[in-house]
2 protein chains.
Amino acid sequence: MDNKVMNGLLTPKSVAIIGASATPGKIGHTVVKNLVESNYAGKIYPVNPKSDDILGLKCYHTVSEIPAQVDAAIITVPAKIVLDSIKECGEKGVKGAIIITSGFSEVGEKALEEELVKTAHSYGMRILGPNIVGVLSNSDKFNGSFAPFLPLKGSSSLVSQSGALLIGIDAATYLRGVGFDKLISIGNMSDVDFADTIEWLDMDEKTKCISLYIEGFKQGRKVIEAAQKAKKPIIGLKAGVSAHGAAAAASHTGSLAGASKIYDAAFKQAGIIWANDLNNLFDRTLALSLQPPMKGDNLLVLTNGGGVGVLATDAAEKYGVPLKFAPEDVQAELKKHMPEFGSAKNPVDLTGMAGTEWYSETVKYSIQHPWVDGLVVLYCETAMTNPLEIAQGIQKALQESGIKDKPVTVSYVGGEKSEEAMRWLVENGIPAYGAPDLAVNAIAALREFARNKENNHTEIAETGNFDKKAALAVIEKARQDGRSALTEMEAKQVFEAYQMPVTHSRVAKSEDEAVKLAKEIGYPLVMKIVSPQILHKSDAGGVKVNIKDEAAVRSAYQQILKNAKAYKADADIHGILVQEMAPMGTEVILGSVNDATFGPTVMFGLGGIFVEVLKDVTFRVAPFSKKQALEMMAEIKGAPILRGVRGEQPRDMDALADTICKYAHMVLDLADEISESDANPVLVYEQGKGLKVADARMLLKKK
Amino acid sequence: MDNKVMNGLLTPKSVAIIGASATPGKIGHTVVKNLVESNYAGKIYPVNPKSDDILGLKCYHTVSEIPAQVDAAIITVPAKIVLDSIKECGEKGVKGAIIITSGFSEVGEKALEEELVKTAHSYGMRILGPNIVGVLSNSDKFNGSFAPFLPLKGSSSLVSQSGALLIGIDAATYLRGVGFDKLISIGNMSDVDFADTIEWLDMDEKTKCISLYIEGFKQGRKVIEAAQKAKKPIIGLKAGVSAHGAAAAASHTGSLAGASKIYDAAFKQAGIIWANDLNNLFDRTLALSLQPPMKGDNLLVLTNGGGVGVLATDAAEKYGVPLKFAPEDVQAELKKHMPEFGSAKNPVDLTGMAGTEWYSETVKYSIQHPWVDGLVVLYCETAMTNPLEIAQGIQKALQESGIKDKPVTVSYVGGEKSEEAMRWLVENGIPAYGAPDLAVNAIAALREFARNKENNHTEIAETGNFDKKAALAVIEKARQDGRSALTEMEAKQVFEAYQMPVTHSRVAKSEDEAVKLAKEIGYPLVMKIVSPQILHKSDAGGVKVNIKDEAAVRSAYQQILKNAKAYKADADIHGILVQEMAPMGTEVILGSVNDATFGPTVMFGLGGIFVEVLKDVTFRVAPFSKKQALEMMAEIKGAPILRGVRGEQPRDMDALADTICKYAHMVLDLADEISESDANPVLVYEQGKGLKVADARMLLKKK
C-alpha cells in the first residue's frame, strides 16, 4: 500500500469535485455545499464544463485547468463518463478518486468497473467505490460526501459497505452520543477494500478503534492478514449471517456473502471482535475506543441495586466473563463501605443507601486491587442520590487511582438525570450504558480484544517435509485419465505426501496378487472395489471387512468383483484395494472447501451423529497455527469426547492438531488443484498412540 | 382471590399511611408527599400518634380514629411494630396492607413475616410486601410509594421483585418513551405474589400487557396456573439464570432462585414470553401493549436501505420468524412502487429514493394482503426524506387499510428527527425502535404470544387407569424395611402401576427358581443382583446379559452372587433378578425431581452421549399435555434421531409421548412419596412398536 496515495484519497489537502453542480438537490451540488459547510481547510475545486462559479467558488471546466496539485477527486458524473474523468484525473496526477456514481458491478456492469480500476492503476491512482456516499472526517473537517453533516466527534472510525446505513449512522451518532472520527463508504470495493482501509486506519493517528459494517468481503484472506497485523481493536458487524439474509445481501450488493460459519472462523483468526447487531456495534465501539483491553478474567461488579447486580451477573456468564467471588481481603475492605445488609461477594451490593462517597471509595479501592482486571459499575436511580454527582465521583476515583490499564464500564438505569450523567461519563472517557447487560457486553468486548492480542494469530504451524511433487504427480495422472475425482488410494497417496498417517493399502489386479499383498500388509484386512465409477462403495457391495486369512481374501475378491459388476456392468474396475484394517478409534472428520471469498478452508468435526445430526463442525481458513487447531478441537460441542468421557483416556490431541495443520497446508498448497476433499473417518487413538486416516476423497478443480 | 380485597389493596379509594411523618427525608413523609403530588383523588389519612398535621392533612393518632372506611394502609413503621399496625388495620376493616418496611424474611426474620400474614388473613386482609417500594398507578393518580413520581403513561403494568430496579425503571420510562399504567413492587411476597398480581392485572381494565421482573417464584405451580388462565400477554425477565447469578439473587432476596432450565420450561407451559435483558423487557412490553398478536409465520419487511434489510433478515431467523420470499402477486404489485434496481422479494427494498408516498402505498397494500401476517417497516434517515412525514404516512396507510388484527413494528436508524418520528409513532400506537434487530425482536414477541394462545397449555393429557394403591403398597413396604430407595424391581412395579411398559422381571431366591423363572419369561435374558446396598450393579459385577439357555442361567446365578459378595461382603441380597432382555432400541431417559419452587418436574433426553456429553435434556413441570410432551421430544438437539436418521424408520413418537405423560402423572400423584426417580434407559422402537422401560430407579422422600 502506498501511504501517500491513500492519504491523498482519504485525507486530501485538495479536492476536485467532478460533476459539481450549481443546482441544489443534485449530488454534485450537495458535495460542494457539504465541503464548504464542514469548514474544510483544504482547497476545493469544483469541475463542470458548463459552470464558472458554484457556491461562490471558481468552477473549472476540466481537471487539467486546475492550477495546483489535486489530492482527491470526488466523482459524481453519470456512470458512462466516469472512465473519461478517471483518465483526466490520472493525467493531472490526482492520487485518488472517490467515485460516488452508481451503475457499475452492483447492476451487472462488471467490465466497466474493472476498466476504471485498470485505468486508475495505470496512473498510480486508487479508487474508493464506486456506488458510495463518500468520505467524512472530523479531524480534517472534510465532508466529501452527500451525507448532510459530519458525525459527532469520536475516536473510532467506521467503514461501511452500505451507503444508506452510513447516512443513518451519521445522524444516529448525535442521538446515541457515540461519535466517530471518520466514516468511509466503501461500496463496490472495486479497488480500495476492507483490507486497505484497515491497514490505513491502523496507521491513522486519529483512529483508536476500527469499526466495520460488512456485507461480504471480496478477498477474505487479504482482510484476515490486514486485521492480524493491526494493533488497534477491530469490530465487525457482519450482515447476511442467516441463509435468507445472505441471499438478500447478494441481491443488493455486487459481492458474495460467504457462509456464516466461515466468517465466524475468519473473524476468530483475524482477531476481529463480533458485533451482533447495530446497537451492539455502537455500544462495543464506544468501549473499544475509550478503554484499554481487559487483560485477565477477574471482573468485579459494583452496584447500588441487587436486581441490576443479578442481571449483570447473568450477562457476565452469557458474554464469556463469568463472575467469581472476590477474595477475602477485597470483601473485607469493601464491607466497610456498605451497611450490614449489603454484600461484598461480587456483585458487590452497596445497597440503595450508596451515595457518591461509597461509590468513590469502592471504585478507587477495587480498581487498584491486583485481583481486579476490570470493573463494571452499576447505578439504579434513587430519589436520595444525584446521578451526576455519582458519575463525577466514579471518574474522580478512577483518576486518583492512577490506574490506566484496566477497563471500566458503567450502567445507569434511570431517567433524564441519569442520561445527563451518562453523557458526562462518555465525554470524560468512561463508556456508560442504559442497562447492566450492555455495560457487561461492552467490557466483554475489551476482554475479547485482550484475548485476541494474547493469541498469536499470525504464527502458522511449521510446515513438515512435504512432497508436493509426488502429490501433483498423482493428480496429474488422474487428469490424464480424464477424471475429476481421485480414487481413495490416490487421495491417500496425496495425504501421505503431506505426512499424514493413512491406513496402508495396495491395489490388487488379481486374486493371487491380493493374497500376496495381504501377507505383506498383515491381517486383519479390509478389501474394497477400486473404480472411478463407483464412489459409494458400500452401496455397491464393494467393501468387505475383518478379513482374517487367505481363504477369506479369495472369497472377498470374487464376491466384490461380482457385486460391482452387478451394480454397474460397465464400470471401469482398476482392481481391489487390500487395506490394513485400522483398530477402532474415535471417528473424526476433516473436510475442505475452496471458498469463493476465503479460498481453501478446513472443516473439523466428530464423526457419526455429531456431524450427521448435530452439524457440530467448525472451520478455519488455511493455513493456521497449531493453537488454532487446538481451539477447533475445543470449540465443538463434542469436545469432551476428545478429552475422554466415561473414564476413557484422552485422545491423542497433539497428533490430531498436527494432522489438522498438515491438512490445512495440503489444501492450501494444492489450492489450484483441489476443489473439495475430506478424510472421513480419521480414527484417533489414545494419547501417544496417534491416528489413522481410514478413508479419503478428493475432487479436482476444473482446469 | 377476593377481588374486592385485591381492588382495595391495589386501587384503593382511601388510604392510611401508618408511620406518616412531618420530617422531610423520612419515608413516612415521602409517601404522603407523593400521594398529594400525584393528585390522588381518594382520601389520604396520615397516621402518627405524635402528629396532628402532615403536609396540611389532618393526621390521626391511630387507625381506629379515622372516621371513614380505609381501603389500604401503607405501612412504614419499624419492623418490630408492624404486627401491631396490622392488628389495628384488621380491627378497622382495612382491605389490604402495603408494607414498605424492611427487616423481615430478607434478613432471616421469617417467623415474624409469617405472623404478619397469619394475622392479616385472620381479618380477611391481604398483604403486599413487606420490603417494597409501594404501588404506583397512573389511572388512579396513585403514587403510594417512595418512588419520586408516577411513570410515563402506558397500557402495560409492571410487577417487580426488585425495589431499586422499580425506581430506576420508573425514571427510565420517560427516557425511553415506554410507559406503564401500574408499577407494583412485590418484595418478599409474604402473601400477594406473582400469581395473585397476574390474576388481578388480567382483570384490570387499564392493563393490556403484564410485565414481570422475577428473581424467583415462591410457588411456581401457582404462577403457571394463573398465567395459563390469563388472556393478556405476559412477559417475564428472569434474573439469576446463570449459576453465579442465582447465588447472587438468593443472597439479596428471601426467595430461592430455581434452575434456569426449569424456569424455561415453566415459562413455556405458562405461555410467559421471555425477555432476555432489561432493554428487551421495555422493547417487547411496548409491542405487546400496542399491537395485536401475529397469527401466522409470514413476516414482510419493507425498507429503504438494503443494509438494514439484511440485518432485519438475520434477526428474523435468530428470533424464530424467518423470512420467506413474498408470493409472485405481492412482488409484482410492490415492484410498481420502487425503481428498477429495488427488490420486491422480502425484504422489500424500496431503495433510498423511497419517500412518504411509496412507503404509504406499500404499507397499505402489504398489510391488506392475506399472505402477510405481520409487517416490519424499516427506515434509514436520508437527506432527501422527512422522517416524521414517513411516520405519518405509515400510520395513515395502516388506518386506511382497516386492518387491525395484524401487528406492525417500525425501526428508524437516524438522528434527532428520526427520534421525534419514533416518539410520534409510539404515541400513535405503533411501536418504533432505533435498530432493525429490535423491531424484528418485538414482532417476534407478538408471534410468540399468538403461538402461546394457539397451544392449549391447560389441556392436560388424560389419565389412564392408574393403580395408585398398588404403587403406594410397594413404597410402603420399602419404608417398612427402613429403606429410602426402591430396588429396580420395585421401581418397575410402580411404573407398571402407572401403565408404563417395563421389561418383565422376577426375583429368584435360588438357582433352581432362576431356571424356572427363565422358562416362564423366555430367552434371551438379563440377570442382575438385587440388593439395596448395591446400587451400581454393573460396577459390582452384578449384571450378566444375553443369557440364552439353562446352563448359562445357572452359571450367571453363581457368578453374580460371588461377585456381589466380593464387592460388598455384608450386602443384604434379596435375590437375583431374572429379566426379559429387551431388543435394542433408541435409548432415551426420563427423570424427575421434586423442585423446591415448582414441585414434581420431568426431565427428558436421549441416552448416551446426548445426556452425558451434551447435557441435551429438557424439562416440564408435571402434569402437562401430550402436545407439550411432543414439544419436549422436538426441542432437544438430538430430535432428528427420534425422527429417524440414515434411512432409519421414525421411532414410536406417540408411545413415547404417552409414556412421558404417564410418567408426569406418576411423579405428581406420588409427589409426597418420591423425591427423585428415573427410567434409564427407556428403549424406544420403530413407529407402532412401542417402547420398554429397561431400568428404573426411585428415591423416597424423607417422612
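Just so you know, these numbers come straight off a predicted model, no measurement behind them.

K.L.:
Outline the overall build of chain A, supporting the account with residue identities and numerical values.
P.N.:
Tallying secondary structure elements over chain A gives 24 helices and 29 strands in all. Overall, the C-alpha framework of chain A stretches about 95 × 80 × 40 Å when taken along its three principal axes. At a minimum sequence separation of 6, the contacts of chain A that also span at least 24 residues come to 71%.

K.L.:
Residue-level account of the sheet that holds strand β7 (residues 126–128) of chain A, with values.
P.N.:
All names here are of chain A. Read across the sheet, 5 strands follow the order β2-β1-β5-β6-β7 without closing on themselves; strand pairing throughout is parallel. Bordering the open sheet on either side are β2 (43–47) and β7, each of which pairs with just one other strand. Adjacent strand axes in the sheet meet at a mean angle of 20° when their direction is disregarded. The pairing of strand β1 (residues 14–18) with β2 spans 5 bridges and is classified as parallel. When the bridges of β2 are listed, I17 appears paired with P46. Most of the contacts of helix α1 (residues 3–10) go to β7, to which it runs at about 35°, and overall it touches β5 (72–75), β6 (96–99) and β7.

K.L.:
Requested: an account of unusual backbone geometry, with residues and values cited.
P.N.:
Here the bond from A:G129 into A:P130 is cis, since omega is 0°, no more than 30 degrees from zero. Mapped onto the elements of the fold, A:P130 is located in the loop between β7 and β8 (134–137). Cis rather than trans, the peptide bond between B:N346 and B:P347 has omega equal to 5°. If you trace the backbone, B:P347 turns up in the loop between α12 (328–335) and β16 (348–349). Of note, the phi angle at A:N546 is positive, near 55°, even though the residue is not glycine. Residue A:N546 is classed as exposed on the basis of its 10 C-beta neighbours within 10 Å.

K.L.:
Describe the interface of chain B and chain A, with residues and values.
P.N.:
Each side of the interface is counted separately: chain B has 72 residues, and chain A has 72 residues. At the level of elements, α5 (163–176), α8 (243–252), α10 (278–290), α11 (306–318), α15 (416–427), α16 (436–454), α21 (609–612) and α23 (639–643) of chain B are the ones that each hand at least two residues to the side of chain B that touches chain A. When residues in the side of chain B that touches chain A are grouped by element, the largest group, 10 residues, is from α11(B). Here the residues of the side of chain B that touches chain A sort into 36 nonpolar, 23 polar and 13 charged.

K.L.:
Could you give me a rundown of the pairing of strand β12 (residues 209–214) of chain B, with the residues and numbers involved?
P.N.:
Residue and element names in this part refer to chain B. Among the 6 residues that make up β12, 6 are buried, leaving the element largely enclosed by the rest of the structure. Because side chains alternate across β12, one face comprises the buried residues C209, S211 and Y213, and the other comprises I210, L212 and I214, equally buried. Examined bridge by bridge, strand β10 (residues 156–160) and β12 share 5 bridges and lie parallel to one another. Looking at β12, one finds that S156 is bridged to C209. Relative to strand β13 (residues 234–238), β12 is paired through 5 bridges, and the arrangement is parallel. Along β13, the bridge assignment pairs L212 with G236.

K.L.:
Can you explain the relation of the copies chain B and chain A? Please cite residues and give values.
P.N.:
For the match of chain B to chain A, the screw axis carries a shift of 0.0 Å, the RMSD comes to 0.1 Å, and the turn is 180°. On the angle and the small slide along the axis, the relation comes out as a two-fold axis. Taken together, the interface assignments show that 100% of the residues at the interface of chain B recur at the interface of chain A, consistent with an identical surface on both copies.

K.L.:
Provide a residue-level description of the environment of A:V408, including the pertinent values.
P.N.:
Residues and elements named next belong to chain A. Within the secondary structure, V408 sits in strand β18 (residues 408–413). Taking the C-alpha atoms as reference points, V408 and Q291, 117 residues apart in sequence, are found 7.1 Å from one another. Here V408 is in contact with Q291, I367, L375, V377, L398 and I430, once residues within four sequence places are set aside.

K.L.:
Mind laying out the sheet that holds strand β17 (residues 374–380) of chain B, listing which residues take part and the relevant values?
P.N.:
In space, the 5 strands of this open sheet follow the order β16-β15-β17-β18-β19 (chain B), with parallel pairing throughout. Both edges of this open sheet fall to β16 and β19 (432–433) of chain B, since each of them pairs with a single strand only.

K.L.:
Explain the packing of helix α7 (residues 220–229) of chain B against helix α9 (residues 260–270) of chain B residue by residue, including any values.
P.N.:
All names here are of chain B. Contact pair α7 / α9: the axes reach a minimum separation of 8 Å and the direction vectors enclose 30°. Here α7 lies roughly parallel to α9, going by the angle between them. Across the interface between the two elements, G220, V223, I224, A227 and Q228 of α7 pack against A266, Q269 and A270 of α9. Class assignment of the residues belonging to the contact of α7 with α9 gives a composition of 5 nonpolar, 3 polar and no charged.

K.L.:
Could you give an account of helix α4 (residues 110–122) of chain A, with specific residues and numbers?
P.N.:
All names here are of chain A. Given a rise of 1.5 Å per residue, 13 residues ought to cover 18 Å, and the 19 Å separating the end C-alpha atoms of α4 matches this to within 8%. Among the residues making up α4, those that are buried are E113, L116 and A120. End-on view of α4: buried residues confined to an arc of 50°, all on one side of the axis. Exposed residues pointing more than 90 degrees away from the buried face of α4 are listed as A111, K118 and S122.

K.L.:
So what's going on with the pairing of β17(B)? Which residues, and what values?
P.N.:
All names here are of chain B. The buried fraction of β17 amounts to 7 of the 7 residues, a majority that puts the element mostly inside the structure. Residues G374, V376, L378 and C380 point to one face of β17 and L375, V377 and Y379 to the other, with burial holding for every one of them. Across 6 bridges, the pairing between β17 and strand β18 (residues 408–413) is parallel. Looking at β18, one finds that L375 is bridged to V408. What joins β17 to β18 is helix α14 (residues 387–401), and the crossover it makes is right-handed.

K.L.:
Which residues make up the packing of α14(B) against α15(B), and what are the values?
P.N.:
Pairs of packed helices are described in terms of their axes, by the angle between the two and the distance that separates them. Residue and element names in this part refer to chain B. In the contact formed by α14 and α15, the axes pass within 8 Å of each other and the chain directions differ by 25°. Regarding the angle of α14 to α15, the classification is roughly parallel. The way α14 lies across α15 gives a crossing that is right-handed. Contacts between α14 and α15 pair P387, L388, I390, A391 and Q395 from the former with K417, S418, E420, A421, W424 and L425 from the latter. For the contact of α14 with α15, the per-class residue count stands at 7 nonpolar, 2 polar and 2 charged.

K.L.:
Could you give an account of the environment of A:I86, with specific residues and numbers?
P.N.:
All names here are of chain A. Mapped onto the secondary structure, I86 falls in helix α3 (residues 82–92). Its 26 C-beta neighbours within 10 Å are what place I86 among the buried residues. Apart from residues lying up to four places away in sequence, I86 is in contact with A97, L116, T119 and A120.

K.L.:
Account for the confidence of the model for chain A, naming residues and giving values.
P.N.:
Residue and element names in this part refer to chain A. In the predicted model, chain A carries a mean pLDDT of 93, and the fraction of residues at 70 or more is 97%. Of the regions scoring below 50 in pLDDT, residues 251–258 engages in 33 contacts with residues more than four places distant in sequence or in other chains. The ipTM, which scores confidence in the relative placement of chains, is 0.90 for this predicted complex, and the corresponding pTM is 0.91.

K.L.:
So, the environment of B:L525: which residues are in play, and what are the values?
P.N.:
Residue and element names in this part refer to chain B. Position of L525 among the secondary structure elements: in strand β21 (residues 525–530). Judged by local crowding, L525 falls into the buried class, with 26 C-beta atoms found within 10 Å. Remark: the alpha-carbon pair of L525 and A164, spanning 361 residues in sequence, is separated by 64 Å. Not counting chain neighbours up to four residues away, the residues in contact with L525 comprise A518, I547, V578, Q579, E580 and M581.

Quick notes on the rules
Residues numbered from 1 in each chain as written. Chains lettered and ligands numbered in written order. Predicted model: local features only at pLDDT ≥ 70, side-chain atom pairs only at ≥ 80, totals over all residues. Helix = DSSP H or I, 4+ residues; strand = E, 2+ residues; numbered from the N terminus. Contact = placed C-beta atoms within 7 Å. Pairing = 2+ DSSP bridges. Axes fitted to C-alpha atoms, helices over the stretch in contact; angles between N-to-C directions. Buried ≥ 20, exposed ≤ 12 C-beta atoms within 10 Å, placed from the backbone. Nonpolar A, V, L, I, M, F, W, Y, C, P; charged D, E, K, R; others polar. Least-squares fit on C-alpha atoms with pLDDT ≥ 70 in both. Parallel < 35°, antiparallel > 145°, perpendicular 65-115°, else oblique. Expected span 1.5 Å × (residues − 1). Arc of directions from axis to C-beta. Right-handed = clockwise from strand over helix to strand, strands pointing away. Left-handed = near helix turned anticlockwise from the far one by under 90°. pLDDT = per-residue confidence, 0-100.

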